[in-house]
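Architecture and fold: a report
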Amino acid sequence: CTLCAHGKIGAGISQTVESTACTSCPAGKFSSSAGLTSCLSCPIGKYSGSRAPACANCLSGKFADQAGLPSCTICPAGKFNTIASAGICFNCMPGSYSGPESTACKQCPPGKYNSQLAQAACAACGLGSVQPLVGHSSPCVACAVGQFVSASDSQVMCTDCQVGMYQAQSQMSSCSYCNIGQYVS
């Protein structure tokens, strides 16, 4: 008698042809040695296609959170995974973000922030406010009276109004010229 090969299991007794005597393991299951009568489920963090003699590790940026899966799931945006054969993805912390299938989170660049876990992007500073730091989780800071930041700037730092111009309010995106007959020192 010949044993059913790796990745297959015995289907019944007294069979004479391999195609009827041996059945392939379905996707998500495996048969690691010849002659087995049942397939085993791939453990969490691993997967297999059909007829598999072994399970494969999920790659970084993917996960398998249940046993017996035929494929790994991509970590969604805002989450990441740095290790192979993982059963979960981890949340990006406030001040960072990630796209789908990420192996690491990126810090928010200057001019942007993010105050929540598991975000796919960072929020831009509002008009008249700035965020000069990398990876910041707090909202942007308003420009003070006498300063501005224009929408075309990278919203990294406030600029003082030019001589002859003024800004009487905070959190503004431009300065105004003094009226004729007036000046600002």
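Reading the values: rules and limits
Here the residue numbers are simple positions, counted from 1 along each chain's written sequence. Residue-level local features of this predicted model are given only where pLDDT is at least 70; pairs of side-chain atoms are given and counted only at 80 or more, and the full residue set underlies all totals for whole chains, interfaces and linings. Just so you know, side-chain values use all the structure's heavy atoms and leave hydrogens and water out. For this analysis, a ring pair means two rings from Phe, Tyr or Trp (six-membered ring only for Trp) whose centres lie within 6.5 Å, classed as stacked if their planes differ by under 30 degrees, edge-to-face if by over 60, and tilted for the remaining angles. Numbering of helices and strands runs from the N terminus, with a helix taken as a DSSP run of H or I at least four residues long and a strand as a DSSP run of E at least two residues long. Working definition: with a 1.4 Å probe on protein chains only, accessible area under 20% of the residue-type maximum means buried, over 50% means exposed, and in between means partly exposed. When a carboxyl oxygen of Asp or Glu lies within 4 Å of a side-chain nitrogen of Lys or Arg, that pair is called a salt bridge. The criterion for a disulfide is a pair of cysteine sulfur atoms lying within 2.5 Å. N or O atoms closer than or at 3.5 Å make up a polar contact, with two conditions inside protein: a donor-capable atom paired with an acceptor-capable one, and, for residues adjacent in sequence, both atoms drawn from side chains. Contacts were defined at the residue level, with two residues in contact if any of their heavy atoms lie within 4.5 Å.

Some words on the packing of aromatic side chains
For the structure shown, the criterion picks out one aromatic pair. Residues Phe80 and Phe90 carry aromatic rings whose centres are separated by 5.9 Å and whose planes lie at 45 degrees to one another, so their mutual orientation is tilted. Of the two residues, Phe80 is situated in strand β9 (residues 79-80) and Phe90 in strand β10 (residues 90-91); the sequence distance between them amounts to ten residues. For Phe80, a relative accessible area of 18% corresponds to the buried category.

Side note on the pattern of salt bridges
When charged atoms on two side chains of opposite charge get close, those side chains can pair. With the rule as written, the count across this model stands at one salt bridge. The salt bridge involving Lys62 is made with Glu101; its shortest N-O contact spans 3.9 Å. Taken as a pair, Lys62 in strand β7 (residues 62-63) and Glu101 in the loop between β11 (96-97) and β12 (106-107) lie far apart in primary sequence, 39 residues in all. Judged by relative accessible area, which is 24%, Lys62 ranks as partly exposed. Judged by its relative accessible area of 38%, Glu101 falls in the partly exposed class.

Notes on the state of the cysteines
Evaluated as defined, the whole model comprises ten disulfides. Two residues, Cys75 and Cys89, share a disulfide whose sulfurs are 1.9 Å apart. Given an S-S torsion of about -80 degrees, the disulfide between Cys75 and Cys89 has left-handed geometry. Of the two residues, Cys75 is situated in the loop between β8 (73-74) and β9 and Cys89 in the loop between β9 and β10; the sequence distance between them amounts to 14 residues. For Cys125, the disulfide goes to Cys140, at an S-S distance of 2.0 Å. Across the S-S bond linking Cys125 and Cys140, the dihedral sits near -80 degrees, which makes this disulfide left-handed. One end of the pair, Cys125, is in the loop between β14 (123-124) and β15 (129-130); the other, Cys140, is in the loop between β15 and β16 (141-142), with 15 residues separating them in the sequence. You can call Cys125 buried: its relative accessible area is 6%. Looking at the unpaired Cys178, the closest cysteine sulfur is the one in Cys161, lying at 9.5 Å.

Describing the side chain of Ser98
Relative to the helices and strands, Ser98 resides in the loop between β11 and β12. A distance of 3.0 Å separates a polar atom in the side chain of Ser98 from the backbone oxygen of Lys79. Excluding its chain neighbours within four sequence positions, the residues that come into contact with Ser98 are Pro76, Ala77, Gly78, Lys79, Cys92, Ala104, Cys105, Gln119 and Ala120.

In short, shape yes, function no, at least from these values alone.
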